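# Overview (structure and organization)
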Amino acid sequence: MTGRGQVRFEDIVKMHGEFSALKGVSFDIEPGEFFALLGPSGSGKSTTLRILAGLDAPTSGRVFIDGRDITATDARDRDIAMVFQSYALYPHMSVYENIAFPLEMAKLPVAEIDVAVKDAARKVKIEHLLDRKPGQLSGGQQQRCALARAIVRKARLFLLDEPLSNLDAKLRMETRAELKKLQRSLGVTAVYVTHDQEEAMTLADRMAVFMAGEIQQVGRPAEIFAKPNSIDVAAFIGSPPMNLLAALFADGDVLIAGHRLKTALQAAGERDVVVGIRPGALRIAPDGLKARVELIEDLGDTKVLDLDCAGTAMRIRVGDESVPPEGAVISITARAQDIHLFDPTTRRRL
Amino acid sequence: MTTKRFRFVATMVITLIFLLAWVFPIVWSVLNSLKTDQDVLAYPPKLIFQPTLEAYRDVLFGSGSILPNLISSFVISIGTTVITMLMAVPAAYALARLRFRGKKFAGFYVLATQMLPPVGIIIPYFLILRNIGWIDTYQGIILIYLSFSLPFAIWLLVSYFEDIPFEMEEAAYLDGASRMRTLWRIIIPQVRGGIAVTIVFVFLNAWNEFLFAVVLSGNTVRPVTVAMFNFVSVEQTLWAKLAAVSVLAMLPVVILGIIAQKNIVKGLTVGAVKGGGRR
């Protein structure tokens with residue numbers, strides 16, 4: 001199935017009255033890719049997915065699938081399958097009938113439908129539940145039923161709208177891995193909406209980070225994590241979030257609370273910057289930035305220390321080795337390549 | 001007696017009083033319909049008597065048989081119910097789901113027709129029907145009944161349609177179903193309870209209607225509610241026959257109620273708890 005399911009968004013604008021939900025969004029999705037739309041609620045990621053599905057029409061701009069302009073095409077003629085956040089299972093039909101419904105609408109012969117339904121059910125491990133009604137299933141089983149209904153049709157595009165958000169943490173982790181395996185084995189293009197950056201990082205081949213109706217950055221998760229291109233992306237990606245502090249940049253160094261740290265940026269002159277350092281990139285070392293330990297959060301394998309650094313709150317993630325007690329004053333530092341610099345006015349990466 | 005026990009007994013007594021008040025006219029009708037005219041008028045009232053089906057035989061197969069009237073009532077009630085449902089289901093769906101110009105007003109006008117006291121419009125209705133020559137016709141009476149049953153049915157059904165999440169329909173579109181197919185295969189099966197409730201109420205209203213029927217009907221179309229009054233005259237009231245007709249007129253409603261009971265109870269609780277009726 002590889003080679004199908006290429007998506008192109010061209011300058012999509014969506015207005016809700018005076019409010020612009022999407023302010024000119026453009027991106028490409030390659031066939032067979034697992035593409036995540038990540039962003040906080042209200043950032044426009046769900047609107048983007050609904051426009052792709054054909055459930056909402058854009059105010060302006062064009063959408064292409066496999067090179068064909070489908071902006072004005074009806075949702076049911078787009079050959080797209082979708083898993084809804086609420087699963088949207090048909091409560092009066094059995095699991096079997098739910099999964100069979102899209103094939104029935106495509107007017108496939110009964111025998112063919114039967115084979116396809118059982119095959120799809122087997123893939124998501126619910127073949128023993130086919131006679132049940134959705135109301136008799138657990139949350140996880142309902143979610144699988146919705147997945148089966150989406151994959152049974154072998155549509156060219158597979159849309160998922162926060163499909164894991166109604167599951168408990170443990171089940172979410174398990175399903176996440178299975179979802180990725182399923183998508184790989186089917187070779188289908190998947191577009192996945194989530195506000196959970198961990199989910200996007202683990203699942204996606206590439207992702208688009210949405211903020212306030214605009215795409216801030218598109219790229220591989222590791223790439224975005226390593227080089228966030230704006231303060232907002234930097235603050236959103238990573239847990240615990242990146243430390244962001246105002247500082248003075250002077251000839252390749254930054255001055256934080258009177259302490260000098262080397263950066264990778266080779267530039268002369270002085271200017272105000274926002275410095276970003278991930279909690280995991282900070283190390284306890286002598287002759288560094290002085291900070292007082294306010295609180296220790298024990299995560300089991302690692303610990304997160306809340307620090308007070310001359311009035312600025314910071315966080316550092318440390319291993320088990322040498323955890324200072326609460327109240328202690330420690331000295332911290334970071335390598336030059338781990339220091340991100342942003343422009344405080346444009347909020348872009350320097 | 002403990003408080004709990006007292007409360008139980010009190011509840012039972014109150015329930016019993018209400019039940020008796022409700023059941024008395026029915027029991028009275030059933031008992032009298034099985035008596036001869038002499039037994040009906042006997043004083044003190046006879047509780048033990050020789051039951052007879054004479055009254056039923058007379059009203060069904062006698063000279064003044066009410067069989068044609070029962071048929072009239074059936075034609076009117078079924079006609080009203082079928083046409084009402086055919087129009088109310090799509091209308092309610094549209095009001096619940098579609099966005100169109102003047103939707104708010106449409107909703108208000110539908111309700112506004114229910115605010116008029118029926119007596120106030122009976123003369124205009126009579127004049128309209130007389131002018132188009134529809135007095136004493138099935139289409140005339142059904143048309144007038146529709147003017148009451150349609151708004152009522154639409155308003156009852158809208159809330160059931162509103163209960164179904166949008167995503168359900170969107171899922172059906174993406175699964176390749178057209179709007180009509182979605183309505184038929186996905187939405188209507190889920191509002192079955194509401195439809196059953198509406199059918200029962202519409203049928204019941206049409207079946208029991210008297211005021212309009214007595215003015216707008218005639219010798220050709222005369223529903224059983226009007227025909228019943230043949231047994232009440234200035235000289236005498238034929239109580240046994242009147243009771244027998246009442247029992248006969250009650251039967252279809254009772255049967256319909258029993259058939260639809262499960263759906264009615266279910267239908268009335270839908271919407272009480274969000275999502276409670278659906279699961």
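Just so you know, these numbers come straight off a predicted model, no measurement behind them.

### Let's talk about the sheet that holds strand β9 (residues 206-211) of chain A
Residues and elements named next belong to chain A. On the basis of which strands lie adjacent, the open sheet formed by six strands has the order β6-β7-β8-β3-β9-β10 and mixed pairing. Taken across any chain shown, the strands that pair with only one partner, and hence form the sheet edges, are β6 (80-83) and β10 (214-219). Each neighbouring strand pair of the sheet contributes to a mean axis angle of 15 degrees, computed without reference to strand direction. Direction of pairing for strand β3 (residues 34-38) relative to strand β8 (residues 189-194): parallel, over a ladder of five bridges. Bridge pairing in β8 links Leu38 to Thr194.

### Remarks on the nonpolar core
Membership of the largest hydrophobic core comes to 154 residues, with the highest contact counts inside it found for Ile99, Ala148, Leu159, Val191, Tyr192 and Val209 of chain A together with Leu157 of chain B. In terms of residue count, the dominant contributor to this core is helix α7 (residues 138-162) of chain B (12 residues). Each of domain 1 (7-230) and domain 2 (243-342) of chain A gives at least three residues to this core. Apart from residues no more than four positions distant in its own chain, Val191 of chain A is found in contact with Ile29, Phe35, Leu37, Leu49, Leu52, Leu157 and Leu159 of chain A.

### Overview of the pairing of strand β15 (residues 283-298) of chain A
Residue and element names in this part refer to chain A. Pairing of β15 with strand β18 (residues 329-333), which is carried by six bridges, proceeds in the antiparallel orientation. Opposite Arg292, over in β18, you have Val329 as the bridge partner. Bridge count between β15 and strand β16 (residues 303-309): six bridges; the pairing is antiparallel. When the bridges of β16 are listed, Arg292 appears paired with Asp308. What sits between β15 and β16 in their antiparallel hairpin is a turn of four residues, with Gly300 showing a positive phi close to 95 degrees.

Calculation notes
Residues numbered from 1 in each chain as written. Chains lettered and ligands numbered in written order. Predicted model: local features only at pLDDT ≥ 70, side-chain atom pairs only at ≥ 80, totals over all residues. Pairing = 2+ DSSP bridges. Helix = DSSP H or I, 4+ residues; strand = E, 2+ residues; numbered from the N terminus. Axes fitted to C-alpha atoms, helices over the stretch in contact; angles between N-to-C directions. Core = buried A, V, L, I, M, F, W, Y, C linked by C-beta atoms within 7 Å. Buried ≥ 20, exposed ≤ 12 C-beta atoms within 10 Å, placed from the backbone. Domains from an automatic or database assignment. Contact = placed C-beta atoms within 7 Å.

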